Amino acid sequence: MRPEPIPGILDIEPYVPGKSKAPAGVKLHKLSSNETPLGASPRAIEAARAALTGLEVYPDGQASALKSAIAEVHGLRTENILCGNGSDELLGLLCQCYLAPGDEAIHSEHGFLVYNIQIKARGAVAVIAPETNATANVDAILQRVSHKTRLVFLANPNNPTGTYLPFDEIRRLHAALPNHTILVLDAAYAEYVRKNDYAAGLELVSETQNVVMTRTFSKIYGLAALRVGWMYGPEAIVSVLDRVRGPFNLNAAAIAAGAAAIKDRAFVEKAADHNAEWLAWTTGQLEALGLTVTPSVGNFILVHFPDAPGRRAADADAFLTERGFILRRVTGYGFPNALRMSIGSEEANRGAVDALTAFLDGGR
Ligand SMILES: *Cc1c(COP(=O)(O)O)cnc(C)c1O
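This one's a predicted model, so the numbers in the text were calculated from it and none came from an experiment.

> Looking at this model, I keep getting lost on the overall build of the protein chain. Mind explaining?
When you go through the protein chain residue by residue, the secondary structure sums to twelve helices and 13 strands. What you see for the protein chain is a C-alpha radius of gyration of 21 Å, in line with the 21 Å of a compact globule of 364 residues. Projected onto its principal axes, the C-alpha coordinates of the protein chain cover approximately 60 × 55 × 50 Å. Burial status across the protein chain gives 53% buried among its 364 residues. Of the contacts formed within the protein chain by residues at least 6 apart in sequence, a portion of 73% connects residues at least 24 apart. Carbon and sulfur atoms make up 54% of the accessible area of the protein chain, which amounts to about 15,800 Å² in all. A gap of 3 Å separates the mean positions of the 34 positive and 38 negative side-chain charges of the protein chain.

> For this particular structure, what's the right way to read the sheet that holds strand β13 (residues 335–342)?
Sheet strands line up and pair through hydrogen bonds in the backbone, either parallel or antiparallel. Read across the open sheet, the four strands follow the order β9-β10-β13-β12; overall the sheet is antiparallel. Each edge of the sheet is formed by a strand with only one pairing partner; in this case those strands are β9 (292–294) and β12 (328–330). Across this sheet, the average inter-strand angle for adjacent strands is 35°, counted without regard to direction. Here strand β10 (residues 300–304) runs beside β13; their pairing, made up of five bridges, is antiparallel. Note that in β13 the partner of isoleucine 301 across the bridge is methionine 341. Sheet strands in contact with helix α10 (residues 265–288) are β9, β10 and β13, and its direction is about 5° off that of β10.

> What exactly am I supposed to notice about the site of the ligand here?
As a matter of local geometry, the ligand sits amid Gly86, Ser87, Asp88, Phe112, Asn159, Asp186, Ala188, Tyr189, Thr216, Ser218, Lys219 and Arg227. Within the backbone of aspartate 88, one N or O atom sits 2.9 Å away from an oxygen atom of the ligand. Within the side chain of tyrosine 189, a nitrogen or oxygen atom sits 2.6 Å from an oxygen atom of the ligand. Across the complex, the protein chains shield 94% of the 390 Å² of accessible surface that the ligand would expose by itself.

About the cut-offs
Here the residue numbers are simple positions, counted from 1 along each chain's written sequence. In keeping with the model being predicted, local features are shown solely for residues with a pLDDT of at least 70 and side-chain atom pairs are shown and tallied solely at 80 or more, while totals for entire chains, interfaces and linings include all residues. To get the side-chain values, all heavy atoms of the structure are used, and hydrogens and water are removed first. Secondary structure counts use DSSP, requiring at least four H or I residues in a row for a helix and at least two E residues in a row for a strand, with both numbered from the N terminus. Only C-alpha atoms enter the radius of gyration, while the globule expectation follows 2.2 Å times N to the 0.38, with N the number of residues. Buried residues are those whose accessible area, probed at 1.4 Å on protein chains only, stays under 20% of the maximum for their type, while exposed residues exceed 50% and partly exposed ones sit between those limits. Here, two residues are considered to be in contact whenever any of their heavy atoms come within 4.5 Å of each other. Per-residue and other accessible areas follow the Shrake-Rupley method at a 1.4 Å probe size, with only the shown protein chains counted as cover for residues. A positive count includes Lys and Arg, and a negative count includes Asp and Glu. His and the chain ends are not counted in either. A single reference atom marks each charge: NZ on Lys, CZ on Arg, CG on Asp, CD on Glu. At least two DSSP bridges between two strands are needed for those strands to be called paired. For helices, the fitted line uses only the C-alpha atoms of the stretch in contact; every axis is such a line through C-alpha atoms, and the angle between N-to-C directions lies from 0 to 180 degrees. A cutoff of 4 Å decides nearness: a residue is near a molecule or strand if any of its heavy atoms lies inside that distance of it. For the purposes of these results, a polar contact is taken to be a pair of N or O atoms within 3.5 Å, where, inside protein, one atom must be able to donate a hydrogen and its partner to accept one; residues adjacent in sequence count only when each atom of the pair is a side-chain atom.

Written out as C-alpha cells, the structure is:
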C-alpha cells in the first residue's frame, strides 16, 4: 500500500517547458517559450526594483494597483478583473471551481496543454475537438457539447499553431453554448494580432454571463519570470475564483511591475511592430526554403519539416541546438514533425534562418 492521488492525476502527461540550454561556448538564442526579445519596459523593471524595499510586508492581497491599471487601460471595472500568478493559475482556478469529477470540458485538438492538465487534475473528462488546417473548428466543438460540459477552452490565437478564429466565429460558438457552460477565451497573444476581424473578447464578456477572457503579462510585456496574468469576467464568476485563490497569489514585485508595464503603451507598440516585421520576414524566408509554415498571427511560427531521413523535425532540432538556436518540439501537441519557433531579435531570426538553410543543404 502507498498513498494514491485522486483519480485523473496519473493520466496527466507532465508539462515539458521549452528547453533553455545551448552547448558550452555557443551563444544561446532561446526561441522555445514565446518570450519577447525586447525584454520588459524599463518602467516595469524600475517598479519591480522599488518593490524590493519592504520584502518583510505581505503584498496587497487585492493587487489593487494592478487591477486599477488594467481597468484604466482597457476601460473596464475592477470588479470584473481577477489577477493571477500567471494566467495559468486562473485557468487552473476555473477548473477547480467549475469542474467536478466526471464533468466534461472541451478543448481543441492542438490546444494549449495547460487546459488538458487542469481538466484531468479535477478528475474531469477532457473532450477533444478536432481542428481543420491546424485551426479550431466551431462546429466540431459544438458537436461535442453535452449536458456535462462545464467549460470550453479556446486559445485565440492558439499556441502552438498561431492560428485564430475571427470574432464572428467566436460569437457563433458562444450563441450555441448552453448557459451553464463557460466559454474561456485565452487571449495570451492578443496584443500581437493585426487582423480587422479579430477581437480578444472584451465585448462578449461584457454582454454575457458565461464568457471569461484571460490575458498574460508573460508575452508582449516581457514579465514571464514574475508570473502575472488576469481574467476579465462577469462578477459572479470573478467572485467565485476570488474565494478559492491564495490570499496573496501575486507577489509585490509582480503587482508593481505589471501596473507599470501595462501603462507603457509606447513600449507595447514597439514590441508589436518588431514582431509584425520579423514574423512576416521569418515566415517568408522559411517558405522560400521549401518548409511549410502554418500562418501565424502570434509571436511564433509552427514550422513543418519534410518526412525524409535526416530532415525531420527531430534532426533539425538537434542541428539547431548545436548552433545555439533552441526551438520547441511540439510532439505533445500532436505535431511530431514540426518545431515551434518564437520570433526573436533580428540576430536570432537571421541566425535561425541561416542555420535552417544549412540544415536543409545537408549540414554544410
Ligand atoms: C504563454 C501562454 C499563456 C500564459 O501563461 P502565463 O501563466 O500567464 O505565463 C497562456 N495561454 C497560452 C495559450 C499561452 O501560450
